[in-house]
Every structure is written in structure tokens, then in C-alpha cells.
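Coordinate analysis (summary)
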Amino acid sequence: MRPPRKPIQVVSSWVRRQPPKVKAFLAVVTGMVALVLLRAIVHDHDNLYIAAEAVHSIGIAVLIYKLTKEKTCAGLSLKSQELTAIFLAVRLYCSFVMEYDIHTLLDLATLAATLWVIYMIRFKLKSSYMEDKDNFAIYYVALACGSLRGSSVSQTWEEVGPCAVLALFIHPSTSHHMINRFFWAFCVYLEAVSVLPQLRVMQNTKIVEPFTAHYVFALGVARFLSCAHWVLQVLDSRGHLLTALGYGLWPSMVLISEIVQTFILADFCYYYVKSVFGGQLVLRLPSGVV
């Protein structure tokens, strides 16, 4: 006699059988319910953004623990870490010249940890780096120009290019200096796509070990909290926040970037939660995920 299945297993099995449109609808409904709960529980919605940065820092701390304990960087994307370091450095500059608050300190700590991770992957643990699996070309997605070949560094800079071009044309129309407005837009766009190479590595390997899974899940939570912060701020200000950000396409692009970041990681987070409740230490991704 088969033992009764857990409720989470019943629900996940039902969701898995649904067509893509139904899954998308369920994801949107789940997100809306979570936003309503956050709006009721968290009164100062600025705390959501601080929480997002703190969760990102925790994710990096998990990576540091993995690299120091297991002495391997297998399953990690160097390109994702380099893109993360770039957008954090740019955002740190913007924070210094435009606001300088708690976000500045959190970004500084996260950037320092990310640079250390890059150093470990590039030099100390290079032999375990899965370069053949780290083959995602964001340039292809952004400009539909085909896959690119070359070193990780050259591909990373090729991925940065489209974000810079987009920032040149669509950026804030505030009173800040043009350079600062360009950098602000650039880091928003780059952050939105920085996790894609990591997802590609996991797609290629199909099996995700625990520490890498914890790290990517932390990114997913951080992205959702950041998205919730912006959405709730817009709702609370009845749209006035969008006006404060400037005119034209920029206000919409901020929200779109936040939503895109959240949905990019939503599918992985679903399988992560399913794996945790199912008692599985190693996350196995089915074909087509991420």
C-alpha cells in the first residue's frame, strides 16, 4: 500500500499537469496575494528594498560558505558573478552621488563579497569551473545577433553593451547630471538580466547542488521583495512616484525590469520549494525549466 502523499506533493502534481497559460495565471495570482499580504504586514515599504538587499547578501554568504567548505565552484556561473559585480559597482556609485544611505553600505558589502567569489572562481578554484556549461549569450537575446564565442570576460562585456545602449536612450529625466542618470538606468537593466547565465548553467547540468540552489533561491526572494517595493510604492503614492522618476518610457521600464527579474526566477523558485518540502537535498530540474 502506497503511503498518502503530502499536500504539497498533490498541489505540485496538479500544477505540473496544467497548460502554460494556466501556470502563468496561477503565478500572477500567487504574486498578487503575496503583495496584498506584504502591504498589510509591512507598513514602511522602504524596508522591503532593504530586505531585498539583505537577502542578496545572505545569498552571497551562502556562496562563500560553499567555496570555502567544499573547495569547488562547480555549478556556478562566472559570467553571472561578473555581471552582478558590474551592476553593483555602478549602483554603488549612484548611491554615493545621489542618496548615500543604508543601501550604500549594503551594496558595498555585497560588492566586496561578489568580488571575492569572482577571485575564487577565476584563480583559486579554476579547475572546477564548468566553463563549457557557462555558455549563455545575453547579447543574442537582446539584439538577436546569434551566439558569441570567446572568453568569459569578452562575452560578459558583450552582454553589457545592449544594456548600455538601452540606458543611453531610455533613462531618468530627473535633475541629476546626465552621466548619473545614464548609470542609474544602466544598472537597472543589467540587474534584470544578470542571473540569466546562472540559470543557463543549471539548465545545462540539470542537477543543482544544495548551496547553489540556496543562493539562486535567495536571489529569487530578493528580486520579489525589490519588485514588491516598487509596486507598493507606486500604489501608495497613487502613481505620483512614477511622475517623480521622470517622464517618457523610463518609469515604465523601471517596473518592467523589476517584474522581469521576478518572473525569470519564479519557475526555479517553485521547483526549489517543491524539492525542500519533498525532503530532497539535491534539486533536479525537468527539461524546459529556466
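Residues numbered from 1 in each chain as written. Predicted model: local features only at pLDDT ≥ 70, side-chain atom pairs only at ≥ 80, totals over all residues. Heavy atoms only, no water.

1. Let's talk about the UniProt feature "transmembrane region" (unreviewed entry) in the protein
Selection criterion: UniProt positions are given in the numbering used here, feature names are shortened, and annotations may be inferred rather than shown by experiment. Note on conventions: DSSP H or I runs of at least 4 residues are helices, E runs of at least 2 residues are strands, and numbering of each starts at the N terminus.
UniProt marks residues 24-42, 104-121, 211-232 and 244-273 with the feature "transmembrane region" (unreviewed entry), using the numbering shown here. Within residues 211-232, the helical portion is 100% and the strand portion 0%, while the C-alpha atoms at the span's ends are 31 Å from each other.

2. Re the confidence of the model for the protein
Stated formally: Each residue carries a pLDDT value, the predictor's own confidence for that position, ranging from 0 to 100.
On average, the protein scores 78 in pLDDT, and the residues at 70 or more come to 76%. Ranking the elements of the protein by mean pLDDT puts helix H6 (residues 138-143) last with 47 and helix H5 (residues 102-124) first with 90.

3. Quick word on the packing of helix H4 (residues 78-98) against helix H9 (residues 196-205)
Condition: Where helices are involved, their axes are fitted lines through C-alpha atoms of the stretch in contact, as for all axes, and angles between N-to-C directions lie from 0 to 180°. In this scheme, roughly parallel covers angles under 35 degrees and roughly antiparallel covers those over 145, while 65 to 115 is roughly perpendicular and the rest are oblique. Should the near helix be turned anticlockwise from the far one by less than a right angle, the crossing is termed left-handed; should it be turned clockwise, right-handed. Contact definition: two residues touch when any of their heavy atoms are within 4.5 Å.
Where H4 contacts H9, the axes come no closer than 7 Å and their chain directions differ by 165°. Overall, the two elements H4 and H9 adopt an arrangement that is roughly antiparallel. Here H4 runs over H9; the crossing is left-handed. Of the residues in H9, those touching H4 at Lys-79, Ser-80 and Leu-83 are Leu-196, Pro-197 and Gln-198.

4. So, the state of the cysteines
Linking two cysteines covalently via their sulfur atoms produces the bond known as a disulfide. Defined as follows: The criterion for a disulfide is a pair of cysteine sulfur atoms lying within 2.5 Å. The buried label applies to any residue whose accessible area, calculated with a 1.4 Å probe on protein chains only, is under 20% of its type's maximum; exposed applies above 50%, and partly exposed to all values in between.
As enumerated under the stated definition, the model contains zero disulfides in all. The thiol of Cys-187 is not disulfide-bonded; the next cysteine sulfur, from Cys-94, is found 4.9 Å away. Residue Cys-187 is classed as buried on the basis of its relative accessible area, which comes to 3%.

5. Quick word on the pattern of salt bridges
Let me state the cut-off plainly: Each reported salt bridge corresponds to a side-chain nitrogen of Lys or Arg within 4 Å of a carboxyl oxygen of Asp or Glu.
Counted under the stated rule, the structure contains seven salt bridges. The closest approach of N and O atoms between Glu-70 and Lys-66, which form a salt bridge, is 3.9 Å. With a gap of four residues between them, Glu-70 and Lys-66 both fall in helix H3 (residues 46-70), about one helical turn apart. The class of Glu-70 is partly exposed, set by a relative accessible area of 36%. Given a relative accessible area of 1%, Lys-66 falls into the buried group. If you follow the salt bridges from partner to partner, you end up with Glu-53, Arg-91, Asp-107, Glu-191 and Arg-223 in one network.

6. Focus: the side chain of Thr-72
Applied cut-off: Here a polar contact is taken to be a pair of N or O atoms separated by no more than 3.5 Å, where protein atoms must pair a possible hydrogen donor with a possible acceptor and residues adjacent in sequence count only if both atoms sit in side chains.
Assignment of secondary structure puts Thr-72 in the loop between H3 and H4. Overall, the relative accessible area of 19% leaves Thr-72 in the buried class. A polar atom in the side chain of Thr-72 sits 3.1 Å from the backbone nitrogen of Ala-74. Contact partners of Thr-72, with chain neighbours within four places excluded, come to Lys-66, Leu-67, Leu-125 and Ser-128.

7. Points about helix H8 (residues 178-193)
We count it as follows: Here the expected span of a helix is defined as 1.5 Å times the quantity of residues minus one.
Compared with the 22 Å implied by 1.5 Å per residue over 16 residues, the 23 Å span of H8 between its first and last C-alpha is a close match. Here H8 lies mainly inside the structure; 13 of its 16 residues are buried.

8. Description of unusual backbone geometry
Residue Lys-71 is not a glycine yet carries a positive backbone phi of 55°. Within the secondary structure layout, Lys-71 lies in the loop between H3 and H4. The class of Lys-71 is exposed, set by a relative accessible area of 57%. Even without a glycine there, the phi angle at Lys-206 is positive, about 70°. With relative accessibility at 31%, the residue Lys-206 sits in the partly exposed group.

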